[in-house]
Amino acid sequence: MKHTVIFGLILVCMFSSCKSTNVSDAKSESEDFSQALSEHIALVSLEANFSTGYKWECSVEDSEIAEVIADDYVSDDADEKLVGAGGVQTFFIKCKKEGSTTLTFRYRRPWEDAGEVEERVMTLKVGEDLSGEISE
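Residues numbered from 1 in each chain as written. Predicted model: local features only at pLDDT ≥ 70, side-chain atom pairs only at ≥ 80, totals over all residues. Heavy atoms only, no water.

A. Expanded view of the overall build of the chain. Helices and strands together make up the secondary structure of the chain, namely 3 helices and 8 strands. Written out in order from the N terminus, the α and β elements of the chain read β-α-α-α-β-β-β-β-β-β-β. Sorting the 136 residues of the chain into buried and exposed places 30% on the buried side. Here the chain has roughly 8600 Å² of accessible surface; of this, 48% comes from carbon and sulfur atoms. (Helix = DSSP H or I, 4+ residues; strand = E, 2+ residues; numbered from the N terminus. Buried < 20%, exposed > 50% of the residue type's maximum accessible area, 1.4 Å probe, protein only. Areas by Shrake-Rupley, 256 points an atom, 1.4 Å probe, with all protein chains shown as cover.)

So this is what it looks like as structure tokens:
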């Protein structure tokens, strides 16, 4: 199965210091999400297929450097009810402290004891300014 990794970094500290109508008037579903708007967040997006029961799980080697604060799945434009239709699962990783840590992603069915179908290992380097760089 081909997986595309999209690396991204979102810097939204500006939103915490300015009064933007879009941000201040937006109602988030959780307090954690609104808190994330003022932090440095690294994104990792992987192709997935939730309709088959498989999903990516992420573990962070050093939780003092970074932590996964959320993940989200978006189906492809195909009919969402179609079994076998894929999508993209995105992990939001909060950069907390300068340093380097390993991110391990396992693609599996959570309820099965058998090993994962695929494993991806990436390195997250967090700079002094809490910016993140992800490499595989």
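B. The nonpolar core, seen in detail. Val44, Trp56, Ile93, Phe105, Met122 and Leu124 are the most contacted members of the largest nonpolar core, which has 19 residues in total. Listed by contribution, the elements that provide at least two residues to this core are strand 2 (40–48), strand 4 (66–75), strand 5 (87–95), strand 6 (99–108) and strand 7 (118–126). In terms of residue count, the dominant contributor to this core is strand 2 (4 residues). (Core = buried A, V, L, I, M, F, W, Y, C linked by side-chain atoms within 4.5 Å.)

C. Region of the structure containing unusual backbone geometry. Positive phi values are uncommon outside glycine, yet Leu130 reaches one of about 65 degrees. Structurally, Leu130 is set in the loop between strand 7 and strand 8 (132–135).

D. Fine view of the pairing of strand 6. Pairing of strand 3 (residues 55–60) with strand 6 involves 6 bridges; the strand directions are antiparallel. Looking at the pairing, Trp56 lines up with Tyr107 of strand 6. Sheet topology note: the strand 6/strand 7 ladder contains 9 bridges and is antiparallel. Note on strand 7: the bridge partner recorded for Thr102 is Thr123. (Pairing = 2+ DSSP bridges.)

E. Representation of the environment of Ile134. Summarising the element assignment, Ile134 is placed in strand 8. In the structure, Ile134 is positioned 92 residues away from Ala42 in sequence and 8.0 Å away in space, judged by C-alpha atoms.

F. Structural view of the side chain of Ser45. As for its placement among the helices and strands, Ser45 is situated in strand 2. Judged by its relative accessible area of 8%, Ser45 falls in the buried class. For Ser45, the side chain forms a polar contact with the side chain of Thr90, separated by 2.8 Å. (Polar contact = N/O pair within 3.5 Å; in protein donor to acceptor, adjacent residues only side chain to side chain.)

G. Focus on the side chain of His40. Tracing the sequence through the fold places His40 in strand 2. With a relative accessible area of 13%, His40 lands in the buried category. A polar contact of 3.3 Å, which involves the side chain of His40, links it to the backbone oxygen of Asp129.

H. Local environment of the packing of aromatic side chains. With the rule as written, the count across this model stands at 4 aromatic pairs. Ring centres 3.8 Å apart and planes at 5 degrees place the aromatic pair Phe50 and Tyr73 in the stacked group. Of this pair, Phe50 sits in the loop between strand 2 and strand 3 while Tyr73 sits in strand 4, and the two are 23 residues apart along the sequence. We classify Phe50 as partly exposed; its relative accessible area is 31%. Where Trp56 meets Tyr107, the ring centres are 4.9 Å apart and the plane angle is 40 degrees; that geometry is what we call tilted. Taken together, the residues span a long stretch of sequence, with Trp56 in strand 3 and Tyr107 in strand 6 at a distance of 51 residues. Of the two residues, Trp56 and Tyr107, both sit in the buried class. (Phe/Tyr/Trp six-rings, centres within 6.5 Å; stacked < 30°, edge-to-face > 60°.)

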